[in-house]
Amino acid sequence: MIKLQKEEIDILDILERIKNPESGGIVTFLGTVRENSKDHVVSKMEIEVYEDMALRQLEAIRSEAKEKFDVHEINIVHRYGELNVQDNIVFIAVASRHRKEAFDACIFVINELKKRVPIWKKEITPEGNFWVDEKNE
Amino acid sequence: MRIKIRYFGQFRDITSKHEEYITVKEGITVSEIREHIKNIYPKIAAKSEILVAVNGNFGSLDQVIEEKDEVAFFPPVSGG
């Protein structure tokens, strides 16, 4: 499953669906909204996505991960819209026969997602609103 | 020919537009259209990294743009 959605991620549902008789383990990554970013306090976060392209990139990353690592299934859900501190942003679940492949594949997916999936985060702070990385320029 | 341009992230704030149509010469490349956009929006030109996608794929700079293509401009991604 690859999904971009505004609503909350149903983590338990994803875990139930990804379970299968072949897999001995499921590794997950859950990204959430932090209240501190560098030197400022974050009150909210806005996430923008280029939907068609993001879905295509996520499918490509999943295919690459399945080719590269011996895993059975990979599910990726990323949220967009307005989120609060502690809200879930992204959930990745990888099922495989043994744990090492699942851990490696999960790391690969989140790293590639951060490099090439067209999604942008804007932090809403008391000092103003900043696109993530904007302050580094 | 008229080309559909889309802007995302900080570039949407800079241009105050989600999308627009611009008129360009036939056979224009990704590299040339990027220069064209930099001329229209100096604040985009000032950015250290400008990413360009054609029809939702990262293309090469010498790729030729067709009239029906959708060209998107955006800064480095920050999802996850």
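Residues numbered from 1 in each chain as written. Chains lettered and ligands numbered in written order. Predicted model: local features only at pLDDT ≥ 70, side-chain atom pairs only at ≥ 80, totals over all residues.

### So, the overall build of chain A
Logical step 1: Within chain A one finds three helices and ten strands.
Logical step 2: In terms of overall dimensions, chain A is globule-like: its C-alpha atoms have a radius of gyration of 16 Å, near the 14 Å expected for 137 residues.
Logical step 3: With 137 residues in all, chain A has 35% of them scored as buried.
Logical step 4: If you take every contact in chain A between residues at least 6 apart in sequence, the share linking residues at least 24 apart comes to 76%. (Helix = DSSP H or I, 4+ residues; strand = E, 2+ residues; numbered from the N terminus. Rg over C-alpha atoms; globule rule 2.2 N^0.38 Å. Buried ≥ 20, exposed ≤ 12 C-beta atoms within 10 Å, placed from the backbone. Contact = placed C-beta atoms within 7 Å.)

### Comments concerning the interface of chain B and chain A
Logical step 1: Across the contact, 13 residues belong to chain B and 22 residues belong to chain A.
Logical step 2: Residues belonging to the side of chain B that touches chain A are distributed by class as follows: six nonpolar, seven polar and no charged. (Nonpolar A, V, L, I, M, F, W, Y, C, P; charged D, E, K, R; others polar.)

### What to know about helix H2 (residues 30–40) of chain B
Residue and element names in this part refer to chain B.
Logical step 1: When H2 is considered as a whole, its buried residues turn out to be Val 30, Ile 33 and Ile 37. Relative to the axis of H2, the buried residues are bounded by an arc of 65° and lie together on one face. Facing away from the buried side of H2 by more than 90 degrees, the exposed set consists of Glu 35 and Asn 39.
Logical step 2: Those residues of H2 hidden inside the fold are in contact with helix H3 (42–45), strand S3 (51–54) and strand S5 (70–74). (Arc of directions from axis to C-beta.)

### Here we look at the environment of A:Asp52
Logical step 1: Tracing the sequence through the fold places A:Asp52 in helix H2 (residues 51–68).
Logical step 2: Considering only alpha carbons, one finds A:Asp52 and A:Ser96, 44 residues apart in sequence, at a separation of 28 Å.

### Details of the packing of H2(A) against helix H3 (residues 99–116) of chain A
Residues and elements named next belong to chain A.
Logical step 1: Running from N to C, H2 and H3 point in directions that differ by 150°, and their axes come no closer than 10 Å. With respect to each other, H2 and H3 are oriented roughly antiparallel. Between H2 and H3 lies a crossing whose hand is right-handed. On H3, the residues that touch Gln 57, Ile 61, Ala 65 and Lys 68 of H2 are Ala 105, Phe 108, Val 109, Glu 112, Leu 113 and Arg 116.
Logical step 2: Broken down by class, the residue content of the contact of H2 with H3 amounts to six nonpolar, one polar and three charged. (Axes fitted to C-alpha atoms, helices over the stretch in contact; angles between N-to-C directions. Parallel < 35°, antiparallel > 145°, perpendicular 65-115°, else oblique. Left-handed = near helix turned anticlockwise from the far one by under 90°.)

### Here we look at the confidence of the model for chain B
Residues and elements named next belong to chain B.
Logical step 1: Looking at chain B as a whole, its pLDDT mean stands at 95, while 100% of the residues score no less than 70.
Logical step 2: When the elements of chain B are averaged for pLDDT, strand S4 (residues 57–58) gives the smallest value, 92, and S5 the largest, 97.
Logical step 3: The complex prediction reports pTM at 0.93, with the ipTM value standing at 0.92. (pLDDT = per-residue confidence, 0-100.)

### What about unusual backbone geometry?
Most peptide bonds are trans, and most residues other than glycine sit at a negative phi.
Residue and element names in this part refer to chain B.
Logical step 1: Even without glycine at this site, Ser 16 takes up a positive phi of about 55°.
Logical step 2: In this structure, Ser 16 sits in the loop between helix H1 (10–15) and strand S2 (19–23).
Logical step 3: The exposure class of Ser 16 is exposed, given the 7 C-beta atoms found within 10 Å.
Logical step 4: In the Ramachandran plot, Asn 55 falls in the positive-phi region, its phi being about 50° despite a non-glycine side chain.
Logical step 5: Considering the arrangement of structural elements, one finds Asn 55 in the loop between S3 and S4.

### Observations regarding the pairing of S2(B)
All names here are of chain B.
Logical step 1: Of all five residues in S2, zero are buried, a share of ten percent or less.
Logical step 2: As paired elements, strand S1 (residues 2–7) and S2 share five bridges and run antiparallel to each other. Its bridge partner being in S2, Arg 6 is matched across the sheet by Glu 19. (Pairing = 2+ DSSP bridges.)

### A word on the nonpolar core
Logical step 1: Judged by nonpolar contacts, the single largest core of 53 residues is most densely connected at A:Val71, A:Ile92, A:Val94, A:Ala105, A:Val109 and B:Phe73.
Logical step 2: Ranked by residue count, the leading element in this core is strand S8 (residues 88–96) of chain A, at seven residues.
Logical step 3: Beyond its immediate chain neighbours, meaning those up to four positions away, A:Ala105 contacts A:Ala65, A:Phe69, A:Val71, A:Ile74, A:Val94 and A:Ser96. (Core = buried A, V, L, I, M, F, W, Y, C linked by C-beta atoms within 7 Å.)

### Re the sheet that holds strand S2 (residues 25–32) of chain A
Residue and element names in this part refer to chain A.
Logical step 1: Spatially, four strands are ordered S1-S6-S8-S2 in an open sheet, and the strand pairing comes out mixed. Looking at the sheet topology across the chains shown, the edges are occupied by strand S1 (2–5) and S2. Geometrically, the sheet is characterised by an average inter-axis angle of 10° between neighbouring strands, direction not taken into account.
Logical step 2: Examined bridge by bridge, S1 and strand S6 (residues 71–79) share four bridges and lie parallel to one another. Residue Lys 3 lies in a different strand from S6, and its bridge partner there is Val 77.
Logical step 3: Packed onto the sheet, H3 meets S2, S6 and S8 and runs at close to 145° relative to S8.

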